[in-house]
Amino acid sequence: MTELNDLPLRDSLRGKAPYGAPQLHVPVALNVNENTHEISEPILVDIISRLALALKDINRYPDREFTSLRNSLANYLGHGLTESQIWAANGSNEILQQLFMAFGGPGRKALSFTPTYSMYSIIASSTDTQYVEVGRGDRYEINEGLVVEAIKTHQPHITIICSPNNPTGTPVSLEVIKAAYEATSGILVVDEAYAEFSLNDDSALSLLEGRERLLISRTMSKAFAFAGARVGYLAADSAVCDAMRLVRLPYHLSALTQAAAEAALAHSSEMLRTVEDIREQRDRLYVSLQDLGLDPYRSDANFILVGGIEDPDGMWKALLDQGILVRNVGIPNTLRITAGTEAETSAVIAAITELVSAK
Ligand SMILES: *Cc1c(COP(=O)(O)O)cnc(C)c1O
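A quick note: this is a predicted structure, and the numbers were derived from the prediction, not measured. (Residues numbered from 1 in each chain as written. Predicted model: local features only at pLDDT ≥ 70, side-chain atom pairs only at ≥ 80, totals over all residues. Heavy atoms only, no water.)

(A) A look at the overall build of the protein. Helix and strand counts for the protein come out as 12 helices and 12 strands. Relative to its 359 residues, the protein shows a buried fraction of 52%. Of the contacts made within the protein by residues no fewer than 6 positions apart, 72% connect residues no fewer than 24 positions apart. Considering the protein, the positive charge centre built from 30 side chains and the negative charge centre built from 45 side chains are found 6 Å apart. (Helix = DSSP H or I, 4+ residues; strand = E, 2+ residues; numbered from the N terminus. Buried < 20%, exposed > 50% of the residue type's maximum accessible area, 1.4 Å probe, protein only. Contact = heavy atoms within 4.5 Å. Lys, Arg positive; Asp, Glu negative; His and termini not counted. Charge placed at Lys NZ, Arg CZ, Asp CG, Glu CD.)

Structural data, given as structure tokens:
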């Protein structure tokens, strides 16, 4: 047995910590923004039958171009997109990693607006890309002025804007995306992992036409209730997909992943039927927490960042004692809570109400 630091590890990885949201088995898991609703039986049966078909050819490598899946994703997204403008990978994390391999790397710089998704800095460090963090404004909002100034100052090769932003829930207007695009000569990645939860018609997909350096990252892990299947995807100019081909591993999407994703997409309207209920639970959570004197931030996603918590560690542990897992993302006086089913949301509201009134 040896220690990590005794190994001849790359210098830039020394002292780094891996991504590590705790994976605990509890009755109410509201910590990683999954869709907590189960997939219905008939859809599961259809997915299984397509997996069975894929298994018949499992002795062969899968379609390296996953053309059929790219077609299904283009149809799902609409906006006149075609399969040549779609790329997919094992989760949008792998999409981001491939983007950093293609457009980042040693001597290159990435920029994002913090607090934001923790994987950006981890992927920057694993690809030896310099990562610049610019703080968000009041209530974690970002506006054109802040974004344009940051881009002009730092001249990044990759700018990432998460919309709605994780972990704050903050939506970003299309005006901000347009201004960011104008300000940079690098690529602009809009991470829309939570786009389906937004009621506003504010997807940056509508801006793709004529903007060949604009990349929109999506995932089936959140609204689609498909986190375990690991399917993320990208919509961009077809030249961007050619860039991804330079860095992807051959056959990176298994035949089983392709089959499962296509089956799920064939049922997209049923798969997304829970989204409206989740929005309702999110809004109920917001109002209840506000009524308790806490300070929830506005959210267009399926979670809420809650401020005004005196002792977040204490509350995190007290909730866990009751079988409820939420997330402490390290922002002082806050916890992040996923909007789950009605029953799960009621459970977390009741538990927090009791903790707050016990004070
Ligand atoms: C959850 C999340 C992802 C999704 O990652 P997958 O690898 O697709 O599961 C991407 N971006 C953000 C901001 C997220 O919160």
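(B) Up close: the nonpolar core. Ranked by internal contacts, the top residues of the largest apolar core, which has 75 residues, are Leu99, Ile161, Ile177, Leu214, Met220, Phe226 and Leu234. Other than its neighbours up to four places away in sequence, Leu214 contacts Ile177, Tyr181, Leu188, Val190, Ala204, Leu207, Leu208, Ala235 and Ala236. (Core = buried A, V, L, I, M, F, W, Y, C linked by side-chain atoms within 4.5 Å.)

(C) How the structure looks around the sheet that holds strand S6 (residues 187-191). Taken together, 7 strands build an open sheet; the order of strands is S2-S8-S7-S6-S5-S3-S4 and the sheet is mixed. The open sheet terminates on both sides in strands that have one partner only, identified here as strand S2 (86-89) and strand S4 (130-135). In this sheet, neighbouring strand axes are inclined to one another by 25° on average, regardless of whether the strands run parallel or antiparallel. Here strand S3 (residues 109-114) runs beside S4; their pairing, made up of 6 bridges, is parallel. Considered in S4, the bridge of Ala110 is made with Tyr131. (Pairing = 2+ DSSP bridges. Axes fitted to C-alpha atoms, helices over the stretch in contact; angles between N-to-C directions.)

(D) Fine view of a nonpolar patch on the surface. Among the surface-exposed residues, Leu55, Ile58 and Leu256 lie close enough to one another that they form a single nonpolar patch of about 240 Å² accessible area. Along the chain, Leu55 turns up in helix H1 (residues 41-56). By relative accessible area, Leu55 is classed as partly exposed at 47%. (Patch = residues over 30% accessible without salt bridge, like charges linked within 9 Å, V, L, I, M, F, W, Y side chains within 5 Å. Areas by Shrake-Rupley, 256 points an atom, 1.4 Å probe, with all protein chains shown as cover. Salt bridge = Lys/Arg side-chain N within 4 Å of Asp/Glu carboxyl O.)

(E) Region of interest: the domain arrangement of the protein. When its domains are assigned, the protein resolves into domain 1 (4-30 + 273-357) and domain 2 (41-270). Using C-alpha coordinates to define each centre, domain 1 is positioned 24 Å away from domain 2. Counting residues at the interface gives 24 residues for domain 1 and 29 residues for domain 2. For the pair domain 1 and domain 2, the two sides together bury roughly 2,300 Å², of which 52% comes from carbon and sulfur. Taken together, the connections running from domain 1 to domain 2 amount to 3 salt bridges. Residue Arg139 pairs with Asp295 through a salt bridge whose shortest N-O separation is 2.9 Å. Counting across the interface, domain 1 meets domain 2 through 13 residue pairs in polar contact (both at pLDDT 80 or more). Broken down by element, the residue count for the side of domain 1 that touches domain 2 peaks at 4 residues, all from helix H10 (residues 275-291). Of the residues contributing to the side of domain 1 that touches domain 2, the split by class is 12 nonpolar, 3 polar and 9 charged. (Domains from an automatic or database assignment. Buried area = accessible area lost by both parts, 1.4 Å probe. Polar contact = N/O pair within 3.5 Å; in protein donor to acceptor, adjacent residues only side chain to side chain. Nonpolar A, V, L, I, M, F, W, Y, C, P; charged D, E, K, R; others polar.)

(F) The packing of helix H3 (residues 92-103) against helix H4 (residues 119-126), seen in detail. Contact geometry for H3 and H4: axes closest at 10 Å, N-to-C directions at 40°. Taken together, the axes of H3 and H4 lie oblique to each other. Seen along the crossing, H3 lies across H4 with a hand that is right-handed. Residues Asn93, Leu96, Gln97 and Phe100 of H3 touch H4, and the partners they reach there are Met119, Tyr120, Ile123 and Ala124. Looking at the contact of H3 with H4 residue by residue, the class counts come to 6 nonpolar, 2 polar and no charged. (Parallel < 35°, antiparallel > 145°, perpendicular 65-115°, else oblique. Left-handed = near helix turned anticlockwise from the far one by under 90°.)

(G) Summary view of the site of the ligand. Around the ligand sit 14 residues in total, of which Ser92, Tyr194, Thr219, Ser221 and Lys222 are the nearest. At 2.7 Å, a side-chain N or O of Asn166 approaches an oxygen atom of the ligand. Between the ligand and the protein, one listed contact pairs an oxygen atom with a side-chain N or O atom of Tyr194 at 2.6 Å. Look at the ligand: alone it shows 390 Å² of surface, and the protein chains cover 94% of it. (Near = heavy atom within 4 Å.)

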